[in-house]
Every structure is written in structure tokens, then in C-alpha cells.
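# Summary of the model geometry
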Amino acid sequence: MTRQKPPKVSFRWWVDRQIAEARERGDFDDLPGTGKPLPKPTGNDAATDWVLREVKKGGHDTTALLPPSLALRREVQDLPGKLAAEQTERQVRELVEDLNERIRQAYLNHVSGPPLTVALVDVEEAVEDWRRSRAAS
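Residues numbered from 1 in each chain as written. Predicted model: local features only at pLDDT ≥ 70, side-chain atom pairs only at ≥ 80, totals over all residues. Heavy atoms only, no water.

Looking at the secondary structure, you find Glu97 in helix 4 (residues 89-109). For Glu97, a relative accessible area of 43% corresponds to the partly exposed category. Spatially, the C-alpha atoms of Glu97 and Val121 are 8.3 Å apart, while their sequence positions differ by 24 residues. (Helix = DSSP H or I, 4+ residues; strand = E, 2+ residues; numbered from the N terminus. Buried < 20%, exposed > 50% of the residue type's maximum accessible area, 1.4 Å probe, protein only.)

And the structure:
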């Protein structure tokens, strides 16, 4: 008996599913500019550029547009800056432990999109880095 590979999930399918779910939740209801035409395309990525511009102009976090695997990677990259704003060691530990739990869940649930390649964050190392950054400032 030969094993069949599971079908590959395309990135476009994942994006289409996210849009459909957002539409069902009503996330697109009554948005500014509803009913107005999109700007004329100026290149291959004009629509993507327009969306990014509008999201940034609205002061929204563009991380929400990323697939889960890339969003987690971005969170790990941005973690030192986020931790620097925390006042207590307990808060630092909670943030890192929460991020690690979401990383574990992503590995367990086999998130769709690009492969998940992010490692867990060492809590003690993050706390020590936070202490050093506070002492230096």
C-alpha cells in the first residue's frame, strides 16, 4: 500500500480563507472608502502596496496581514523592544511564556502558510536581557 501525500495548501487559498472569514465576521462592514474605486494599478504589486499603505495610514499593525508562522517570527524579532517597555519581571515572564505557548500551539496545530521555523524563547535569558537593558538605562 502506498502512502498518499496530503494536498499542499497554497498561500493564495489561505489568504482567500482569511478574507472570507473576516467578511463573515463583518470586519469589512462600514469601512471608510466603501463604494469608492481603488486607485489605478501602477505595477505588479499595486494592490498589495495600496493595502499596506491604507493599513499603515490607519495606524494598524501590518503583522495581522501575515500568515501565523511569519507573524510568530515577527513577534520573536520584536520581543526585546516589547519587553523593554515592561515594568516588572513578572510581566516579562508572562509575555515570554504566552509567546512560547502560542508557538507550541502553532507547532501542534500545523498552521497553514509558510513553514513554521521559529524556536521557543528562553524565558530566563529574556529576563536576564531585560534586567541588563534596565540597568544600562
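What follows picks up the thread again.
Contact pair helix 3 (residues 68-84) / helix 4: the axes reach a minimum separation of 11 Å and the direction vectors enclose 175°. Here helix 3 is positioned roughly antiparallel relative to helix 4, judged by the angle of their axes. Facing Leu72, Glu75, Val76, Leu79, Lys82 and Leu83 of helix 3, the residues of helix 4 in contact are Val92, Leu95, Val96, Leu99, Arg102, Ile103 and Ala106. Classifying every residue of the contact of helix 3 with helix 4 by side-chain character gives ten nonpolar, no polar and three charged. (Axes fitted to C-alpha atoms, helices over the stretch in contact; angles between N-to-C directions. Parallel < 35°, antiparallel > 145°, perpendicular 65-115°, else oblique. Contact = heavy atoms within 4.5 Å. Nonpolar A, V, L, I, M, F, W, Y, C, P; charged D, E, K, R; others polar.)

This part is about the nonpolar core. Formed by 15 residues in total, the largest nonpolar core has its most connected members in Leu72, Leu79, Leu83, Val96, Leu99 and Val121. Listing elements by their share of this core, those giving two or more residues are helix 3, helix 4 and helix 5 (123-136). No other element matches helix 4, which puts five residues into this core. With residues up to four places along the chain from it excluded, the contact list for Val121 reads Val76, Leu79, Val96, Leu99, Asn100 and Ala126. (Core = buried A, V, L, I, M, F, W, Y, C linked by side-chain atoms within 4.5 Å.)

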